[in-house]
Amino acid sequence: MKILVINAGSSSLKYQLYDMTAETVLASGSVERIGMETSIVTQAVPGRPDMREVSEILDHVTAVKRLLDMIAHPEYGVIESIAEVQAVGHRVVHGGEVFKQSVLVDETVKLEIRQLFDLAPLHNPAHMMGITAVETNLPGVPQAVVFDTAFHQTMPEVAYLYPIPKVLYRRHKIRRYGFHGTSHHYVSDQAAELLGRPLDELKMISCHIGNGASCTAIQHGVSVDTSMGLTPLEGLMMGTRSGDLDPAIVPFTMNKEDLTLSDVNSMLNKHSGLVAISGLSSDMREIEEAMAEGDRNARLAFDMYVYRLRKYIGAYTAVMDGVDALVFTAGIGENSSSLRAEVCKNLSYLGVKLDDAKNGMRTKKPREISAPDSRVRVLVIPTNEELLIARDTYKLVTEQASSLSGQREEGTDA
Ligand code: ADP
């Protein structure tokens, strides 16, 4: 079965076409600058030169049409006809409290996603545009939605409620939701496999640290706490986001600097974190390069980043009454051996011991980087959210097909 995975944003759309027989990626690409005269479509196919086209793409319906043209192109496509696309899986950022797992799209699901626009105004409307665009271009093809929040729906009340007037939860559903759930879910499955132990016996802390960053306590295979909250601003220090701070800083700064709500929102989301402290960049590679040249602000940014992550590891160890495995993933987690070493340095009280040679190895494969006598196993697992979306979509579509054929058989018997 060929499954198209789509991550639709407001002005861009990323895609991967999977052949589920061996879970291989046949093609991947993106449509950028949707809504402009000079939209860019790119496509990468393993073993072939990358394709790039510039043309006017004014809306998501045209964007999906262009990507379908691309994958089924007679010269540089990978399938003969778009009829080969048997299902589409979408990444959806916010599933609120309604969606505890991935589901197939129907009218009720679309309505529920629309009702969540308030909680993710930048993301959910764009995902809906992606879903509608697929309906127009591939009528009748089943679509599934996979939510960033769903994995964290197992958190207990004690972890997801904020200590603020309860009416705010009742009226507006203000609570911790958590994000990057697809990634935390994927890497925890992979980690259990690598360790050769059942997931439901393990206490794990997964650190998804890329441009956005979050840390999750996963006990017996389910998320019991996570660092992002109502929005992806809470928790760890990030590239341009502050993460945790005293909430009183918001009104105080607004007052002192004469800022509007939108100014302060933009300050905390776009001009804080690594970029604010280093005064240089939100990109960890550039921070590390500057540090190597003796830049003190870059060093401070790096140290604060590590310090705040370590605090969460300590907190989640306490939450679970222990930890068996620590997992690093995403751009920084997968690539920065110096950051991993620094984070693990002060975890000797937990019995964490890294194997420096293994930590320094450059490979894209999932691997263990702890020493044989480390009490906590430390792993690097490259994340693959698209694969999990493709797997969930495949599962839902095949389950639906078998239940339909079951119903048909029952009908015949009767
Ligand atoms: P996103 O959250 O946008 O998916 P990524 O997971 O791709 O982001 O992570 C991007 C981050 O990973 C950037 O800060 C980048 O500098 C960092 N990164 C990528 N490669 C390296 C590397 N070799 N060393 C240190 N940091 C790296």
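Here the residue index of a chain counts from 1 through its sequence in written order. For a predicted model such as this one, the threshold for reporting local features is a pLDDT of at least 70, and the threshold for listing and counting side-chain atom pairs is 80 or more; totals across whole chains, interfaces and linings nevertheless cover every residue. Water and hydrogen atoms were dropped before computing side-chain values, which therefore reflect all heavy atoms in the structure.

As recorded by an unreviewed UniProt entry, the protein chain carries the name Acetate kinase and is attributed to Paenibacillus sabuli. UniProt positions are given in the numbering used here, feature names are shortened, and annotations may be inferred rather than shown by experiment. Looking at the Pathway (unreviewed entry) heading of the UniProt record, one finds this comment for the protein chain: "Metabolic intermediate biosynthesis; acetyl-CoA biosynthesis; acetyl-CoA from acetate: step 1/2." According to the UniProt record, the Sequence similarities (unreviewed entry) comment for the protein chain is "Belongs to the acetokinase family."

1. Concerning the UniProt feature "active site" (unreviewed entry) in the protein chain
The feature "active site" (unreviewed entry), as annotated in UniProt, sits at Asp148 in this numbering. By the secondary structure assignment, aspartate 148 is in the loop between strand 8 (143–147) and helix 4 (157–160). Filtering out sequence-adjacent residues up to four positions away, aspartate 148 remains in contact with Arg91, Val92, Val93, Gly178, Phe179, His180, Gly181 and Thr182. Any N or O atom pair separated by 3.5 Å or less is treated as a polar contact, with the protein-specific requirement of one donor-capable and one acceptor-capable atom, and with residues adjacent in sequence counted only for side-chain atom pairs. Looking at aspartate 148, its side chain comes within polar contact range of the side chain of arginine 91, at 2.5 Å. Helix and strand labels come from DSSP, where a helix needs a run of H or I of at least four residues and a strand needs a run of E of at least two; each type is numbered from the N terminus. Whether two residues touch is decided by their heavy atoms; if any such pair falls within 4.5 Å, the residues are in contact.

2. Points about the site of the ligand
Only a single heavy atom is needed: when it lies within 4 Å of a molecule or strand, its residue is near that molecule or strand. Lining the immediate environment of the ligand, one finds 13 residues, of which Asn211, Asp283, Met284, Arg285 and Gly331 sit closest. Asparagine 211 is positioned with one of its side-chain polar atoms (N or O) 2.9 Å from an oxygen atom of the ligand. Both cavities and pockets are sets of points on a 1 Å grid over the protein atoms alone; in a cavity a 1.4 Å probe fits but cannot get out, in a pocket the set is open with protein on both sides within 12 Å along at least five of seven lines, and lining residues sit with an atom within 4 Å of a point. Molecule-in-pocket calls rest on the fraction of atoms, with more than half required to lie within 2 Å of the cavity or pocket grid points. Assessed atom by atom at 2 Å from the grid points, the ligand resides in the second largest pocket. Within the residue set of the shell around the ligand, elements represented by two or more residues are helix 10 (284–292) and helix 12 (330–335). Among the elements that line the shell around the ligand, the one with the most residues is helix 12, at four residues. Gly is placed with the polar residues, together with every amino acid not listed as nonpolar (Ala, Val, Leu, Ile, Met, Phe, Trp, Tyr, Cys and Pro) or charged (Asp, Glu, Lys and Arg). Broken down by class, the residue content of the shell around the ligand amounts to three nonpolar, seven polar and three charged.

3. What to know about the sheet that holds strand 5 (residues 51–57)
Pairing within the open sheet is mixed, and its eight strands lie in the order 5-4-3-2-1-6-8-7. Each having just a single partner strand, strand 5 and strand 7 (103–104) make up the two edges of the open sheet. Pairing between strands is defined by DSSP: at least two bridges between them are needed. Pairing analysis gives five bridges linking strand 6 (residues 85–92) to strand 8, with the strands arranged parallel. Opposite valine 88, over in strand 8, you have glutamine 143 as the bridge partner. Only C-alpha atoms enter the line fits that serve as axes; for helices the fit covers just the stretch in contact. Angles between N-to-C directions range over 0 to 180 degrees. Contacts between helix 3 (residues 124–137) and the sheet are confined to strand 1 (2–8), strand 6 and strand 8, with strand 6 contributing the most and set at about 170° to the helix.

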